[in-house]
Amino acid sequence: MESLAQLEVLCERLYNSRDSAERTHAENTLKCFSTNIDYISQCQYILDNALTPYALMLASSSLLKQVTDNSLSLQLRLDIRTYLLNYLAKRGPELQNFVIGSLIELLCRLTKFGWFDDDRFRELSKESIDFLNQGTLHYAIGLKILNQLVSEMNQPNSGMPSSHHRRVACSFRDQCLLQIFQISLTSLHQLKSDAVSRLQELALSLSLKCLSFDFVGTSVDESSEEFGTVQIPSSWKNLLEEITTVQIFFDYYTISNPPVSKESLECLVRLASVRRSLFTNDATRSKFLDHLMSGTKDILITGKGLADHDNYHEFCRLLGRFRVNYQLSELVLMEGYGEWIRLVAEFTSKSLLSWQWASSSVYYLLGLWSRLVSSVPYLKGDVPSLLDEFVPKIVEGYITSRLDSAQADIQDDLSEHPLDNVDLLQDQLDCFPVLCRFQYESSSLFIIKVMEPILQVYMERGQVQSGDNSELFIAEAKLAWIVHIIAAILKTKQSVGCSTESQEIIDAELSARVLRLVNVADTGLHSQRYSDLSKQRLDRALLSFFQNFRKSYVGDHSMHSSKQLYARLSELIGLNDHLLLLDFFIRKIATNLKCYTECEEVIGQTLGLFLELASGYMTGKLLLKLETVRFIISNHTKEHFPFLEEYRCSRSRTTFYYIIGWLIFLEDSVALFKSSMELLQQTFAALESTPDTLFRTDSVKYALIGVMRDLRGLAMATNSRRSYGLLFDWIYPSRMPVLLRGISHWADTPEVTTPLLKFMAEFVLNKAQRLVFDASSPNGILLFREVSKILVAYGSRILVLPTKSDIYDHKYKGMWISMTVLSRALSGNYVNFGVFELYGDRALADALDIALKMTLAIPLADILAYRKLMKAYFAFMEVLFSSHLAFVLGLDSHTFIHIVGSLELGLKGLDANISSQCASAIDNLASFFFNKITMGESPTSPAAISLARHIAECPALLSEILKSLFEIVLFEDCSNQWSLSRPMLSLILINEQMFADLKAQIIDRQAVDQQPRIASCFDKLMTDIIRSLDSKNRDKFTQNLTVFRHDFRAK
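Residues numbered from 1 in each chain as written. Predicted model: local features only at pLDDT ≥ 70, side-chain atom pairs only at ≥ 80, totals over all residues. Heavy atoms only, no water.

(A) Examining the overall build of the chain more closely. Each helix and strand counted, the chain has 54 helices and 0 strands in total. Summarising its shape, the C-alpha atoms of the chain cover approximately 90 × 90 × 60 Å along the three principal directions. Within the chain, contacts between residues at least 6 apart in sequence are counted, and of these 76% link residues at least 24 apart. Side chains of the chain carry 105 positive and 120 negative charges; the gap between the two charge centres is 3 Å. (Helix = DSSP H or I, 4+ residues; strand = E, 2+ residues; numbered from the N terminus. Contact = heavy atoms within 4.5 Å. Lys, Arg positive; Asp, Glu negative; His and termini not counted. Charge placed at Lys NZ, Arg CZ, Asp CG, Glu CD.)

As structure tokens, then:
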């Protein structure tokens, strides 16, 4: 007992101590209980004899880990299950809640993992009824068991393949879930008059878990509130068609308080989303809908519970579900539709007035109204929808609420202003244009009516200096909201009851006001306020308007189909064609780029608009006719565009020069290219003339960062052999020494090396076959030699630098970009690499050596932990094993085994692309083995001899990979089965005895009655397969593997 007392002390420290060292010591001491199978009996002893809840918790959580991670014998698992049920029945009521929860989780995990192993595991839902027939404390335990069981069956586990999880979940759904849902409903009826709210909450939670079950394996994103139709099985039909099923949840909402009332609404949200085809006929479905409408109508009339924010939000979601599952034509036929739609309209209006409180909920209501409006054209018969009466009021209410929020936001110091996240804002406004265009004329008149006086105030404040700018900030915020709303309206041309011509005229009326605002915002005192946050928000709203206007009226396909709009714009503000409007856009873009020096968001969005305009073929050609664009191309300096000098905006330089490059190469003029490069040429000249003693100064540092970002942008814009040739001839050979000096002097500074290496990664990328030199040209070889020099200069220095706290930024990032550079250069198909060895040139050997040293310097755990590093590493490995296998085989055995082991880890990863790359690398290795060793008389080439030596060092290497491949194909949901089949055949043909042993292992692991069937599956796998790796044989094996996988998994 003394040792048990010591264990209890350790458990207390593990769960309660604030001293991290003390906690770590306790954790290490107690780890054996969760990792060593021999300690399972000790855990039972602790549960029987320990006095503290922390010791009980240790025993329970340790058993849970043992059950999840280890393959325990069937009898042992059944014994633990029986023990737990008896333990909960006897001692459950006296235990702490967290201990009960852990024990129940263990019981349910055992049930799930043993579901197909023994029928007794499937009896848990029935056995829990024994708890429900006892006192209150046992009743609670019974409901907790059922709650946890449904959760356990619905959630994938790390210790169970996803395909097996799905089979268990489907079996549980078909055999138990309906019964458990019935238990929850029965409990709700029994507990309706009970004062124990905790039991009510557990019963409601159980109903919610049943209705939220992943019935068809769609793996809905749990972080999202949105979900599609609930695919309840047909066997539930009678239960859901009973009136009492829906009514019990409305009753509980009425009689209970939060959080019970909120869970009632959550259940109703899911019931409102039940698939249409579940119901017997339209009459029963209409009856179900009528019940939902009556229940929501009662809540709207009484307002019961809606003062609670969670209830309010969930009720808005419930109303929003009407738009997903029911058509307007169905709703209008309901007896109480008129009163219901009036109450929903009043509720929506009140919600809009309470925007501070209901801001996150109102979008469900707007979604409902937009769906109803969208259905109007399909409404048949004479039954009025009443939308004409209510929608205009909702539109006006929403706009008014946004303007009111602008007034209040000035007074509040909010960490996240609603106007700051433009992308989220546009998403939220997605459904609003449908409402505006429903009664477009009245909606547009209202927008103009509220906008004109605010615009007038804004114009006046631009002329007169004032000490108090609060009124100006409010005006700008209001204008930003209005512009965002107009931008959202222009995003879609869909309209109900409005002709295309009249719609274009109204679009022109709204657009003219915004375009007039653009002129006002950049004149007078406003032209001195680009550092003000409210001004930046307004300009971002204007950019959103430009982007949406361009998509609807300036794109290549819409330039000749908008005559009404341009005629009206000509009358209002004198812009009568596309070229004038484009010039207006470009002048605003130039103004933003000139005046915003520090605001990354505005610069980024401005460049995004500029890129959209430049990348359209017709709009790009038109831009080149504009003087403003010609000026930008000729004068891309920090004097004209100060943001280029601002380090915070340095990433935007790449986009800026990408656009400039795009426009230059669009015209295909050598003279234009040369004149545009003069400014960069001056920078390079200054760097070339800088002595080594001054090359580590800040001026050189920022010059290098800037010019590398600029060159990368230009390189990204070269999409043809001709345009790439212009840039290549400009850079090579005269300017490459500057890059080598830069990487040599600044290897320890990632701010410099990252843009330089990223430029090289872009420069060596053979996209669109742009790197195709003449047959007699040595340029491909010369380019690779420069790549080799830069990689060796960087790698040799970064490897000896001391490790800093942020190792990714200081080392790993540069290393993975280096791998990408080399991978792209090796796979670009523009270099004959045999030349290097033939002429004794070390460029290839040095590049491969330094890249390998960098990869080996990174622990495998870190490679797998950083996504970008992992992608670059495995892409590099694929290229190595594909084109430079002799280099890999020439390594020492320890390194070779390490690399091949990493490929096996990549196979097992979740990323299908990486898994396919690893499969390709392994296939190349196995094919080489088969062709040179298995089918050869004896290994003769140095590479074959090296491979034979490596395999002799680690005989199990290839068999382990083959085993992993079979496990992935048979037990995982692999989307890249074709890719995995390639190395599987190669490995099988290398050593058929290895395959026979693996086959025997897999068959032995199956249940005895299943073994003959599995053996038959394996026999069919090799049907018509010969000892060859030609494409026909490979394809036949891939077909056999698909059938094999299907037959193996069928139980």
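(B) How the structure looks around the nonpolar core. Counting residues in hydrophobic clusters, the biggest one holds 369 residues, and the most contacted among them are Trp-369, Phe-549, Leu-711, Phe-881 and Phe-966. No other element matches helix 25 (residues 470-491), which puts 14 residues into this core. Excluding residues that lie within four positions of it along the chain, Phe-966 makes contacts with Met-984, Ile-988, Phe-995, Leu-998, Ile-1002, Phe-1018, Leu-1021 and Phe-1044. (Core = buried A, V, L, I, M, F, W, Y, C linked by side-chain atoms within 4.5 Å. Buried < 20%, exposed > 50% of the residue type's maximum accessible area, 1.4 Å probe, protein only.)

(C) Representation of helix 54 (residues 1031-1049). Over its 19 residues, helix 54 extends 27 Å from the first C-alpha to the last, a length consistent with the 27 Å expected when each residue adds 1.5 Å. Those residues of helix 54 that sit buried are Asn-1033, Arg-1034, Phe-1037, Thr-1038, Asn-1040, Leu-1041, Phe-1044, Arg-1045, Phe-1048 and Arg-1049. Buried residues in helix 54 make contact with helix 10 (162-191), helix 48 (912-934), helix 50 (957-971), helix 51 (977-990), helix 52 (992-1004) and helix 53 (1011-1021). (Expected span 1.5 Å × (residues − 1).)

(D) Highlighting the side chain of Glu-504. The topology assignment puts Glu-504 in helix 26 (residues 500-521). You can call Glu-504 buried: its relative accessible area is 5%. Each residue touching Glu-504, except ones within four places of it in the same chain, is listed here: Tyr-553, Ser-561, Ser-562, Lys-563, Gln-564 and Leu-565.

(E) Just the environment of Pro-942, in detail. Mapped onto the elements, Pro-942 comes out in helix 49 (residues 942-953). With 852 residues separating them in the primary sequence, Pro-942 and Lys-90 have C-alpha atoms 72 Å apart.

(F) Looking closely at unusual backbone geometry. Here Pro-258 and Pro-259 are connected by a cis peptide whose omega angle stands at 5°. In this structure, Pro-259 sits in the loop between helix 13 (243-255) and helix 14 (260-271). Along the chain, Tyr-732 connects to Pro-733 via a cis peptide bond; the corresponding omega equals 5°. Within the secondary structure, Pro-733 is located in the loop between helix 37 (721-731) and helix 38 (736-745). One non-glycine residue with positive phi stands out, namely Leu-386, at about 65°. Its place among the elements puts Leu-386 in the loop between helix 20 (362-374) and helix 21 (387-411).

(G) Focus on the side chain of Thr-754. Mapped onto the elements, Thr-754 comes out in helix 39 (residues 750-763). At 2.9 Å, the side chain of Thr-754 and the backbone oxygen of Pro-750 are in polar contact. Thr-754 has contacts with Lys-813 and Ile-817, leaving out every residue within four places of it along the chain. (Polar contact = N/O pair within 3.5 Å; in protein donor to acceptor, adjacent residues only side chain to side chain.)

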